[in-house]
Amino acid sequence: KEAMVDIDVKPKPLQPHWYERYVQPCVAELLGSALFIFIGCLSVVEDAEGTGRLQPALAHGLALGLTIAILGDI
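Residues numbered from 1 in each chain as written. Predicted model: local features only at pLDDT ≥ 70, side-chain atom pairs only at ≥ 80, totals over all residues. Heavy atoms only, no water.

1. Some remarks on the packing of aromatic side chains
The condition is simple: Two aromatic rings, drawn from Phe, Tyr or Trp (for Trp, its six-membered ring), form a pair once their centres lie within 6.5 Å of each other, and the interplanar angle then sorts them: stacked below 30 degrees, edge-to-face above 60, tilted otherwise. Type-normalised accessible area, obtained with a 1.4 Å probe on protein chains alone, sets the label of each residue: buried when under 20%, exposed when over 50%, and partly exposed for intermediate values.
With the rule as written, the count across this model stands at 1 aromatic pair. A centroid spacing of 6.4 Å and a plane angle of 85° characterise the contact between Trp-18 and Tyr-19, whose relative ring orientation is edge-to-face. Judged by relative accessible area, which is 54%, Trp-18 ranks as exposed.

Structure below.
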């Protein structure tokens with residue numbers, strides 16, 4: 001008798017949906033940039049005396065960290 005040879009057949013990886021491939025990254029970029037710019041502009045609107053460059057730097061850093069944490073997986 002012939003021995004049957006088991007061949008591992010791997011299924012093709014599914015192609016991502018057009019929304020996940022094109023629209024989602026664009027929306028994430030738009031939201032991330034808008035948050036970054038909005039928070040950055042708000043941080044210098046009421047600049048308190050003595051903070052100098054620290055307040056805008058911290059605001060931009062926190063906005064960037066928040067954007068990466070929320071939208072980083074996209």
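2. Things to note about helix H2 (residues 54–71)
For clarity, the threshold we go by: Secondary structure elements follow DSSP: runs of H or I of four or more residues count as helices, runs of E of two or more count as strands, with numbering from the N terminus. Helix span, expected: 1.5 Å multiplied by one less than the number of residues in the helix. Think of the arc as the fan of directions from the helix axis to the C-beta atoms. Every residue pair with non-hydrogen atoms within 4.5 Å of one another is taken to be in contact.
Counted at 1.5 Å a residue, the expected span for H2 with its 18 residues is 26 Å, and the 25 Å between its end C-alpha atoms agrees. Residues of H2 that are buried: Pro-56, Ala-59, Ala-63 and Thr-67. An end-on view of H2 places all buried positions within 65° of arc, on one side of the element. Within H2, the exposed residues directed more than 90 degrees away from the buried face are Leu-54, Leu-62, Ile-68 and Ala-69. Contacts from the buried residues of H2 go to helix H1 (18–43).

3. Re the environment of Ser-33
Looking at the secondary structure, you find Ser-33 in helix H1. Looking at Ser-33, the relative accessible area reads 30%, which means it is partly exposed. For the pair Ser-33 and Leu-64, spaced 31 residues apart in sequence, the C-alpha separation works out to 9.1 Å.

4. With respect to H1
Our working rule: The quantity called bend is, for any residue, the angle between two axes fitted respectively to the seven residues ending at it and the seven beginning at it.
The first and last C-alpha atoms of H1 sit 37 Å apart over 26 residues, in line with the 38 Å expected at 1.5 Å per residue. Remark: the principal bend of H1, roughly 35°, maps to Gln-24, with a proline, Pro-25, within the next four residues. Residues of H1 that are buried include every one of Ala-28, Gly-32, Gly-40 and Ser-43, and no others. Taken together, the buried residues of H1 touch H2.

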